Amino acid sequence: MSTLLTSPNLHTLSVYVNNKPGVLVRVAHVFARRGFNIESLVVSPSADGRFSRMTITADGDGETLEQIFKQVSKLVDVLHA
């Protein structure tokens, strides 16, 4: 069985962003700075092509992921996290 499916520290973040080049890199960089690996990442455009939805799954403690969530929320092209 996969570790991803059984981990008690698995968290999923949903992020609504502007659909612009470089946004995915900036969001992923927030995780990398904290030493977190993104386990799963899905990005798809919304009905309005100006925006995209990112669904990110990461394995880690809740406190650190809460800090990552706050930092992602502060990024310029992030509308809602």
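The sections below set out a description of the structure shown in this document. Not measured: the values here are computed from a predicted model. (Residues numbered from 1 in each chain as written. Predicted model: local features only at pLDDT ≥ 70, side-chain atom pairs only at ≥ 80, totals over all residues. Heavy atoms only, no water.)

What about the overall build of the chain?
Reasoning step 1: Assigned secondary structure in the chain consists of three helices and four strands.
Reasoning step 2: When the helices and strands of the chain are read in sequence order from the N terminus, they spell out α-β-α-β-β-α-β.
Reasoning step 3: Principal-axis analysis of the C-alpha atoms places the extent of the chain at approximately 35 × 25 × 15 Å.
Reasoning step 4: Counting all 81 residues of the chain, 28% fall into the buried class.
Reasoning step 5: Excluding contacts between residues fewer than 6 apart, the proportion of contacts in the chain whose partners are at least 24 apart in sequence is 72%. (Helix = DSSP H or I, 4+ residues; strand = E, 2+ residues; numbered from the N terminus. Buried < 20%, exposed > 50% of the residue type's maximum accessible area, 1.4 Å probe, protein only. Contact = heavy atoms within 4.5 Å.)

Looking at the pattern of salt bridges
Reasoning step 1: As enumerated under the stated definition, the model contains three salt bridges in all.
Reasoning step 2: With a shortest N-O distance of 3.7 Å, Asp77 and Lys20 are connected by a salt bridge. Note that Asp77 is positioned in the loop between helix 3 (62-73) and strand 4 (78-80) and Lys20 in the loop between strand 1 (10-18) and helix 2 (23-33), a separation of 57 residues in sequence.
Reasoning step 3: The buried category is assigned to Asp77, whose relative accessible area is 10%.
Reasoning step 4: A relative accessible area of 48% means that Lys20 is categorised as partly exposed.
Reasoning step 5: The residue Asp77 makes a salt bridge to Arg26 at a minimum N-O spacing of 2.7 Å. (Salt bridge = Lys/Arg side-chain N within 4 Å of Asp/Glu carboxyl O.)

Some words on the sheet that holds strand 3 (residues 51-59)
Picture the strands of a sheet paired through backbone hydrogen bonds; they go either parallel or antiparallel.
Reasoning step 1: The strand order across the open sheet built from four strands is 2-3-1-4, with neighbouring strands paired in antiparallel fashion. Every interior strand has two partners, whereas the edge strands, strand 2 (38-45) and strand 4, have only one. Across the sheet, the mean angle from the axis of one strand to that of its neighbour is 30°, orientation sign disregarded.
Reasoning step 2: Docked against the sheet, helix 2 engages strand 1, strand 2, strand 3 and strand 4, running at close to 20° with respect to strand 3.
Reasoning step 3: In the packing of helix 3 onto the sheet, contacts are made with strand 1, strand 3 and strand 4, and the angle to strand 1 comes to roughly 0°. (Pairing = 2+ DSSP bridges. Axes fitted to C-alpha atoms, helices over the stretch in contact; angles between N-to-C directions.)

Section: the environment of Val43
Reasoning step 1: As for its placement among the helices and strands, Val43 is situated in strand 2.
Reasoning step 2: By relative accessible area, Val43 is classed as partly exposed at 41%.
Reasoning step 3: Beyond its immediate chain neighbours, meaning those up to four positions away, Val43 contacts Leu24, Ser52, Arg53 and Met54.

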